[in-house]
Amino acid sequence: KQHSYKKYQNEDSSILNKNRIQLLEKNEFRSEDCRNQSWERAYEELVNFAKEFGHTRVPQRFPHNPSLGRWVDTQRKSYKKYLKGDSSSN
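Residues numbered from 1 in each chain as written. Predicted model: local features only at pLDDT ≥ 70, side-chain atom pairs only at ≥ 80, totals over all residues. Heavy atoms only, no water.

A. Layout of the overall build of the protein chain. Secondary structure summary: the protein chain contains four helices and zero strands in total. Across the protein chain, helices and strands are ordered from the amino to the carboxyl terminus as α-α-α-α. Counting every atom, the protein chain has about 7600 Å² of accessible surface; 47% of that belongs to carbon and sulfur. (Helix = DSSP H or I, 4+ residues; strand = E, 2+ residues; numbered from the N terminus. Areas by Shrake-Rupley, 256 points an atom, 1.4 Å probe, with all protein chains shown as cover.)

This is how it looks when you write it as structure tokens:
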């Protein structure tokens, strides 16, 4: 839906119509909140992985949870950029 909202703002076709956008905005919907919730959910999955396996070295192609492997890889790359002072890591 976040992607659809951006498309709507750019006047592209969208599954979100004006009424739906107004309802979301009325309830102070912010796309950043979705990103934060998604990050927090993935973090919880990482915590559960660590409890089960005793480490956080999730393989990129972790068969039991492929999205967790991709998320951890993204976090690693972002963290390396952060350490180098790259502002795009925020």
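B. Inspection of helix H4 (residues 66–84) at higher detail. Look at H4: 28 Å from first C-alpha to last across 19 residues, which is about the 27 Å you get at 1.5 Å a residue. Within H4, burial applies to Leu68, Gly69, Trp71, Val72 and Asp73. A positive backbone phi angle near 85° is found at Gly85, which sits one or two residues after H4. (Expected span 1.5 Å × (residues − 1). Buried < 20%, exposed > 50% of the residue type's maximum accessible area, 1.4 Å probe, protein only.)

C. The arrangement of the packing of aromatic side chains in detail. One pass over the structure, following the stated rule, counts six aromatic pairs. Measuring from centroid to centroid gives 4.5 Å for Phe49 and Phe53, while their planes differ by 35°, and the two rings are tilted. Taken as a pair, Phe49 and Phe53 lie in helix H3 (residues 31–53) at a separation of four residues, close to a single helical turn. Phe53 sits in the partly exposed class, given a relative accessible area of 37%. Considering the side-chain rings of Phe53 and Phe62, the 5.9 Å spacing of their centres and the 90° angle between planes classify their relative orientation as edge-to-face. These aromatic residues form a ring-pair network of at least three members: Trp39, Tyr43 and Trp71. (Phe/Tyr/Trp six-rings, centres within 6.5 Å; stacked < 30°, edge-to-face > 60°.)

D. Representation of a nonpolar patch on the surface. Among the surface-exposed residues, Tyr79, Tyr82 and Leu83 lie close enough to one another that they form a single nonpolar patch of about 380 Å² accessible area. With respect to the helices and strands, the residue Tyr79 is situated in helix H4. (Patch = residues over 30% accessible without salt bridge, like charges linked within 9 Å, V, L, I, M, F, W, Y side chains within 5 Å. Salt bridge = Lys/Arg side-chain N within 4 Å of Asp/Glu carboxyl O.)

E. Summary view of the nonpolar core. In terms of nonpolar packing, the biggest core is built from eight residues, these being Ala42, Leu46, Phe49, Val58, Phe62, Leu68, Trp71 and Val72. Put simply, the parts of the chain that give this core at least two residues each are H3 and H4. Sequence-distant contacts of Val72, defined by excluding residues within four places in its chain, comprise Leu46, Thr56 and Val58. (Core = buried A, V, L, I, M, F, W, Y, C linked by side-chain atoms within 4.5 Å. Contact = heavy atoms within 4.5 Å.)

F. Quick look at the pattern of salt bridges. Under the criterion given, the structure shown has one salt bridge. With a closest N to O distance of 3.1 Å, Asp73 and Lys77 form a salt bridge. Of this pair, Asp73 and Lys77 both sit in helix H4, separated by four residues, roughly a single helical turn. Taking relative accessible area as the criterion, Asp73 reaches 14% and is therefore assigned buried.

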